[in-house]
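Read off the chains here:
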Amino acid sequence: MDRRSIIKQAGLAGVLAAGVAPAVHAQATVRWRMAASFPKSLDTIFGSAVKFSETVKELSGGKFEVSVHAAGELMPAFGVVDALEKDTIEMALSAAYYFTGKDPIFAFSCAVPFGLTALQNMAWKDYGNGRKLLNEFFSKYNFHTLSALNTTTQMGGWYRKEIKGVDDLKGLKMRMGGGVFGEGMAKLGVVAQNLPAGDLYQALEKGTLDAVEFVGPYDDEKLGFNKVAKYYYYPGWWEGGADLEFFINNKAFEKLSPENKAIVKAAAAVAAADGTAKYMALNPQALKRLVASGTQLKAFPKAVNDAGFKACMEVFAEHEAKSPEFKKIHQDMRAFQRDQILWNRFSEFPFNQYMNSVKI
């Protein structure tokens, strides 16, 4: 049996488990460029792109190379979708909700308020209708996605003042990822701004922003937010499991051989597992360091969570009324989520609740 047959019959998992490298030696070397929406300093997120590139090269025996470029090297952080649409690059690493200015549907591919957790997101995309529906939508922009890593549930961000109630949100200038979250918070009086990661520290330091949410302890510590804001809130109910993704140019992908298509999918799976596990490992230690350095860790008051839920559900309803496509994807996600919540009541939730109550 030749290697092409092995790949076809065993699938990606079998290829990885068996350590089989596709037979690409007779093919011309393929070179792609990947533009990231993040700086190199974020070794978690940017590291996923590096892991993908390394895996592609290894699986192809050096016959398929993907060069990785940080935000600003090839184009601005938020220029990647336009570049893919114009065939300027072969792929990107980004967060889909950065592009809700084009269409609010983009947010579903990353995270929406009171949405899916990391595992639920993976299940919806891979075994529900999520990936299929979203890639049908993204086809109009000439790309499709594969998961690059999941941040898991994020923190609620850094604030220069305490948030004791809903009134404290009024007039607050806050960086947030964009999309439904920003619209919902605007209903509560927040002035939402969407800035790249590299610009956030300076904006918070100068007072251009009153608050910043990014990801979680490890990344936030690297970006230095604790040096210019004292209050760190949780949970980030707008990002229960934010999925960062590889955006892959459809035309470039179709030109690949079957072996190289399999390599792209396999490398994305390797990078996604690696990046998600890295967040789980690094965040607890970073949180302990932040608290030890003087950060004040606080839970959002229930009234704030409730007001956020009400406002965001109103925004979802408004978009559903305007866009049948938005409604279709949103309703599909919520139906999947309801089943996940039901299962969670008897699985992870009671287990975690108990483990949080005992000393180990």
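Here is a short report on the structure shown in this document.

Definitions and limits used
- Residues numbered from 1 in each chain as written.
- Predicted model: local features only at pLDDT ≥ 70, side-chain atom pairs only at ≥ 80, totals over all residues.
- Heavy atoms only, no water.
- Helix = DSSP H or I, 4+ residues; strand = E, 2+ residues; numbered from the N terminus.
- Rg over C-alpha atoms; globule rule 2.2 N^0.38 Å.
- Buried < 20%, exposed > 50% of the residue type's maximum accessible area, 1.4 Å probe, protein only.
- Contact = heavy atoms within 4.5 Å.
- Areas by Shrake-Rupley, 256 points an atom, 1.4 Å probe, with all protein chains shown as cover.
- Lys, Arg positive; Asp, Glu negative; His and termini not counted.
- Charge placed at Lys NZ, Arg CZ, Asp CG, Glu CD.
- Salt bridge = Lys/Arg side-chain N within 4 Å of Asp/Glu carboxyl O.
- Core = buried A, V, L, I, M, F, W, Y, C linked by side-chain atoms within 4.5 Å.
- Polar contact = N/O pair within 3.5 Å; in protein donor to acceptor, adjacent residues only side chain to side chain.
- Phe/Tyr/Trp six-rings, centres within 6.5 Å; stacked < 30°, edge-to-face > 60°.
- Pairing = 2+ DSSP bridges.
- Axes fitted to C-alpha atoms, helices over the stretch in contact; angles between N-to-C directions.
- 1 Å grid on protein atoms, 1.4 Å probe; cavity = no way out; pocket = protein on both sides within 12 Å on 5 of 7 lines; lining within 4 Å.
- Points joined across faces, edges and corners; volume = space filled by probe spheres on them.
- Nonpolar A, V, L, I, M, F, W, Y, C, P; charged D, E, K, R; others polar.

1. Side note on the overall build of the protein chain
Right, so step 1: On a plain count of helices and strands, the protein chain comes out with 13 helices and 11 strands.
Right, so step 2: Relative to the globule expectation of 21 Å for 360 residues, the C-alpha radius of gyration of the protein chain, 21 Å, shows essentially globular dimensions.
Right, so step 3: For the protein chain, the proportion of its 360 residues judged to be buried stands at 52%.
Right, so step 4: A separation of at least 24 residues holds for 77% of the contacts in the protein chain among residues at least 6 apart in sequence.
Right, so step 5: In the structure as shown, the protein chain presents an accessible area of about 16200 Å², 55% of it carried by carbon and sulfur atoms.
Right, so step 6: Averaging the positions of the 43 positive and the 38 negative side-chain charges in the protein chain gives two centres separated by 1 Å.

2. Some words on the pattern of salt bridges
Right, so step 1: Counted under the stated rule, the structure contains 20 salt bridges.
Right, so step 2: Note that Glu-73 is salt-bridged to Lys-40, the shortest N-O span being 3.4 Å. On the criterion of sequence distance, the pair formed by Glu-73 in the loop between strand E2 (64-69) and helix H3 (80-85) and Lys-40 in the loop between strand E1 (30-36) and helix H2 (45-59) is long-range, its members being 33 residues apart.
Right, so step 3: Classification of Glu-73 as partly exposed rests on a relative accessible area of 42%.
Right, so step 4: For Asp-43, the salt bridge goes to Lys-222, with nearest N and O atoms at 3.8 Å. Here Lys-222 lies in helix H8 (residues 217-223) and Asp-43 lies in the loop between E1 and H2, a separation of 179 residues in the sequence.
Right, so step 5: Residue classification places Lys-222 among the partly exposed residues on the basis of a relative accessible area of 44%.
Right, so step 6: Among the charged side chains, a salt-bridge network with shared partners connects Lys-125, Asp-126, Arg-131, Asp-243 and Glu-245.

3. A word on the nonpolar core
Right, so step 1: Trp-32, Phe-52, Tyr-159, Met-174, Phe-214 and Phe-246 are the most contacted members of the largest nonpolar core, which has 108 residues in total.
Right, so step 2: Counting residues per element, this core draws most heavily on helix H10 (residues 258-292), which supplies eight residues.

4. Details of the environment of Lys-102
Right, so step 1: Mapped onto the elements of the fold, Lys-102 is located in the loop between strand E3 (91-94) and helix H4 (118-127).
Right, so step 2: In this structure Lys-102 comes out as partly exposed when scored by relative accessible area, which is 36%.
Right, so step 3: Along the backbone, Lys-102 and Tyr-233 are 131 residues apart, and their C-alpha atoms lie at a distance of 30 Å.
Right, so step 4: Apart from the residues within four sequence positions on either side, Lys-102 is in contact with Val-81, Asp-82 and Tyr-141.
Right, so step 5: One polar contact links Lys-102 to Asp-82, side chain to side chain, over a distance of 2.6 Å.

5. Some remarks on the packing of aromatic side chains
Right, so step 1: Within this structure, the stated rule accounts for 31 aromatic pairs.
Right, so step 2: Measuring from ring centre to ring centre gives 4.7 Å for Phe-52 and Phe-246, while their planes differ by 40 degrees; the resulting arrangement is tilted. With Phe-52 in helix H2 and Phe-246 in strand E10 (residues 243-249), this pair connects stretches of sequence that are 194 residues apart. Of the two residues, Phe-52 and Phe-246, both sit in the buried class.

6. Regarding the sheet that holds E10
Right, so step 1: Spatially, the five strands line up as an open sheet ordered E2-E1-E3-E10-E4, and their pairing is mixed. With one partner strand each, in any of the chains shown, E2 and strand E4 (143-150) form the two edges of the open sheet. In this sheet, neighbouring strand axes are inclined to one another by 25 degrees on average, regardless of whether the strands run parallel or antiparallel.
Right, so step 2: The pairing of E3 with E10 spans four bridges and is classified as antiparallel. Residue pairing across strands places Ser-94 opposite Glu-245, the latter belonging to E10.
Right, so step 3: Along the sheet, H10 contacts E1, E2, E4 and E10; its crossing angle with E4, the most-contacted strand, is approximately 30 degrees.

7. With respect to the layout of surface pockets
A probe matching the size of a water molecule, rolled over the atoms, marks out where space remains unfilled.
Right, so step 1: As a volume, the second largest pocket reaches approximately 160 Å³.
Right, so step 2: If you trace the second largest pocket, you find it lined by Val-30, Arg-31, Trp-32, Asp-87, Ile-89, Glu-90, Asn-249, Lys-251, Ala-252, Lys-255 and Leu-256.
Right, so step 3: Of all elements in the fold, only E1 and helix H9 (250-254) reach the threshold of two or more residues within the lining of the second largest pocket.
Right, so step 4: At three residues, the largest contribution of residues to the lining of the second largest pocket is made by E1.
Right, so step 5: Residue composition of the lining of the second largest pocket, by class: five nonpolar, one polar and five charged.

Limitation: the analysis is restricted to geometry and does not speak to function.
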